Amino acid sequence: MATKSGLKIERRYTTPGNPYNNIIWEKRSSKITNPDGSVVFEMKNVEIPSTWSQVATDIMVSKYFRKAGVPQLDKDGNVIKDENGEVVLGPETSSKQVFDRLAETWRHWGETTGYFASTEDAQAFEDELKYMLATQMAAPNSPQWFNTGLNFKYGLTGPAQGFWYVDPKTGKLTEGEDSYSRPQPHACFIQSIDDDLVNEGGIMDLWVKEARLFKFGSGTGTNFSNLRGEGEKLSGGGVSSGVMSFPKIGDRAAGAIKSGGTTRRAAKMVILDLDHPDIEEFITAKNNSDTLTQFNISVGVTDEFMTAVKEDKDFDLTYDGDIYETVKAKELWDEIIEHAHSSAEPGLLFWDTMKDYHNAEYCSPLVSTNPCAEQPLPDGGCCNLGAVNLERFVDDNGNFMIDQFKETVAIGP
């Protein structure tokens, strides 16, 4: 509940001093193997809530546990020091450590910027979130698990990575001084691309920006329709190699990064509008192993095109408003269906429908989405994603507990 003096947080699941009320913990092992049985990752004696599945355990331990730089604790919770009096560092060994660093950092951020009505409300916010995370009622997007709290809880820093933030005190855009004091917790980004090879905002610059995001576990989506089609004239007198020569580079770069090797394979969406001259090659890309092997690819569809399909009319492929080629809309549609059936891609983004229903269209045109396509935003946009586990809100009689659900949504990650 929000008041003029700040947020009031009502406790439902916890009592003061007991954020993990009635949660039973147990020690487990986590092992990830290749199909041939070789071990990719293994960690023993990790602390996990007893209600968690082994799959959830493996994801938490292999992906979300910080693997270095964490002060190690003895069985009584005291920091371990070596013979020189230095703190012994290593990995997180308990999911409780992960829940703590997330919820305590969120509480810290909110409290230092004046969100809560009182210290008691800030503590209730922290405790309720710890309980929600531990019981799998709600969860944030992956970059939150990867990055949030590493500085606040463990003092980790690292070199600056090219990230910026808006200073809450001054309201000014400020360059981050290190990797983790202002972490990169956003799930998905929409990035633009200019029809320029090496300058800022151009093709090669996109790979650098994507690398920054992939390294910290985020995904990114870009519409490539700005780029000239194959054979179109360049200002220097030559001709363009076409759109499809460039996503190959991005595909290899994303595959090499794999989010620093500690999180997940980089997620990327590549989009091309249906009126682009290279659209037919783009549609077939996923069935050509020499082109795109791992990206999500989608085509941008308009109402005009769908009407042309329905009425079996011609459809123009264009560049800079000039007609490049005229094709049969129905044949192009059949080609999309054929390749989507065989490789599950390309996906379809119905731009006109999305724009009709989207509340961000007023600020800038919608031209792209994140890799999972649930967040269509203007270029330069980003989002934090979270999930609420609906099964946790069904009682023994099959009734949905709407009040608990609403409260969880109100303060959940």
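Worth saying up front: this structure is predicted, and the values here are computed from it rather than measured.

S.K.: Break down helix 6 (residues 203-215) for me, citing the residues and quoting the values.
M.R.: For helix 6, with 13 residues, the first-to-last C-alpha span of 19 Å sits near the 18 Å given by 1.5 Å per residue. Considered for burial, the residues of helix 6 that qualify are I203, D205, L206, W207, E210, L213 and F214. Turning to helix 6, the residues buried within the fold contact strand 10 (188-190), strand 11 (219-223), helix 7 (247-257) and strand 12 (267-273). A positive backbone phi angle near 90° is found at G217, which sits one or two residues after helix 6.

S.K.: Now, about the nonpolar core: what can you tell me, with residues and values included?
M.R.: A general tendency of soluble globular proteins is for nonpolar side chains to be buried together. Judged by nonpolar contacts, the single largest core of 34 residues is most densely connected at M60, V61, F65, F99, F125 and W145. Listing elements by their share of this core, those giving two or more residues are strand 4 (39-49), helix 1 (54-64), helix 2 (95-112), helix 3 (119-134) and helix 4 (142-147). The dominant element in this core, judged by the number of residues it contributes, is helix 3, at 8 residues. The next biggest cluster of nonpolar side chains, apart from the first, holds 33 residues, and it includes L227, A266, I279 and W333.

S.K.: An account of the pattern of salt bridges is needed here, citing residue identities and associated values.
M.R.: Evaluated as defined, the whole model comprises 16 salt bridges. Between E407 and R12 there is a salt bridge; the shortest N-O distance is 2.7 Å. You can see E407 sitting in helix 12 (residues 402-411) and its partner R12 sitting in the loop between strand 2 (6-7) and strand 3 (25-33), a full 395 residues away along the chain. For E407, a relative accessible area of 34% translates into the label partly exposed. One salt bridge in this structure joins R107 and E111, with 2.8 Å as the shortest N-O distance. Placement of the pair is R107 and E111 together in helix 2, with a separation of 4 residues, close to one helical turn. Linked by salt bridges that have partners in common, D100, E104, R107, E111, E126, K130 and K153 make up one network.

S.K.: I'd like a description of the packing of helix 9 (residues 303-310) against helix 10 (residues 329-343), backed by residues and values.
M.R.: Geometry of a packed helix pair, given as the angle between the helix axes and the separation of the axes. Their axes nearest at 8 Å, the elements helix 9 and helix 10 cross at an angle of 100°. By the angle between their axes, helix 9 is roughly perpendicular relative to helix 10. Residues F305, M306, A308 and V309 of helix 9 lie in contact with helix 10, whose contacting residues are A329, K330, L332 and W333.

S.K.: Give me the lowdown on the side chain of T222, citing residues and values where you can.
M.R.: Within the element layout of this structure, T222 appears in strand 11. Side-chain polar atoms of T222 contact the backbone oxygen of Q191, separated by 3.0 Å. Sequence-distant contacts of T222, defined by excluding residues within four places in its chain, comprise Q191, S192, I193, L206, E210, K268, M269, V270, I271 and S368.

Basis of the calculations
Residues numbered from 1 in each chain as written. Predicted model: local features only at pLDDT ≥ 70, side-chain atom pairs only at ≥ 80, totals over all residues. Heavy atoms only, no water. Helix = DSSP H or I, 4+ residues; strand = E, 2+ residues; numbered from the N terminus. Expected span 1.5 Å × (residues − 1). Buried < 20%, exposed > 50% of the residue type's maximum accessible area, 1.4 Å probe, protein only. Contact = heavy atoms within 4.5 Å. Core = buried A, V, L, I, M, F, W, Y, C linked by side-chain atoms within 4.5 Å. Salt bridge = Lys/Arg side-chain N within 4 Å of Asp/Glu carboxyl O. Axes fitted to C-alpha atoms, helices over the stretch in contact; angles between N-to-C directions. Parallel < 35°, antiparallel > 145°, perpendicular 65-115°, else oblique. Polar contact = N/O pair within 3.5 Å; in protein donor to acceptor, adjacent residues only side chain to side chain.

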